[in-house]
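Residue strings, one per chain:
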Amino acid sequence: MTRLYPTFLLGLALALPGALAAESAGPTGEMMGNTCAACHGTHGRLSGSAFVPLAGMDEDEFIRAMREFRDNTRPSTLMHSVAKGFSDEETRRMAEFFAAQTKEE
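To start, this report covers the structure provided alongside it. Everything quoted here is computed from the prediction, not taken from an experiment.

### A few points about the packing of helix α4 (residues 59-71) against helix α6 (residues 88-100)
Axis separation between α4 and α6 bottoms out at 8 Å; the angle between their running directions is 140°. Overall, the two elements α4 and α6 adopt an arrangement that is oblique. Of the two elements, α4 crosses α6, and the hand of that crossing is right-handed. Judged by residue contacts, Glu59, Phe62, Ile63, Met66, Arg67 and Arg70 of α4 engage Asp88, Thr91, Arg92, Met94, Ala95, Glu96, Phe98 and Ala99 from α6. When the residues that make up the contact of α4 with α6 are grouped by side-chain class, the tally is seven nonpolar, one polar and six charged.

### Observations regarding α6
Between its first and last C-alpha, α6 extends 18 Å over 13 residues, near the 18 Å set by a 1.5 Å rise per residue. Looking at the packing, one finds that the buried side of α6 touches α2 (29-33) and α4.

### Details of the packing of aromatic side chains
In total, this model carries two aromatic pairs according to the counting rule given. Their ring planes at 45° and their centres at 5.5 Å tell us that Phe62 and Phe98 sit as a pair that is tilted. One end of the pair, Phe62, is in helix α4; the other, Phe98, is in helix α6, and 36 residues separate them in sequence. For the pair formed by Phe62 and Phe98, the shared burial category is buried. Three or more aromatic residues joined by ring pairs make a cluster, and in this case those are Phe62, Phe97 and Phe98.

Procedures and definitions
Residues numbered from 1 in each chain as written. Predicted model: local features only at pLDDT ≥ 70, side-chain atom pairs only at ≥ 80, totals over all residues. Heavy atoms only, no water. Axes fitted to C-alpha atoms, helices over the stretch in contact; angles between N-to-C directions. Helix = DSSP H or I, 4+ residues; strand = E, 2+ residues; numbered from the N terminus. Parallel < 35°, antiparallel > 145°, perpendicular 65-115°, else oblique. Left-handed = near helix turned anticlockwise from the far one by under 90°. Contact = heavy atoms within 4.5 Å. Nonpolar A, V, L, I, M, F, W, Y, C, P; charged D, E, K, R; others polar. Expected span 1.5 Å × (residues − 1). Phe/Tyr/Trp six-rings, centres within 6.5 Å; stacked < 30°, edge-to-face > 60°. Buried < 20%, exposed > 50% of the residue type's maximum accessible area, 1.4 Å probe, protein only.

As structure tokens, then:
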């Protein structure tokens, strides 16, 4: 048992920084994408609405739209404020998430 204790501590010491780094990477694209659900549907799936469905949207198209909303070169009553809340990295993660979603469940 006394031999296992130092091995356990060494394993814990090696694993902990990786676990902390993964946790500090910030929210996932899915987490941030869930903030869009009220207008764009769960996982970006929406039909029969004035809002654009985000599921399956091309990553570059999503990123371009968010930048245009953020820079206010694409006028919108709501999206300028929403887009300003996300960094380029967060927007990229959301773009990856929505691009990976199917349009239909």
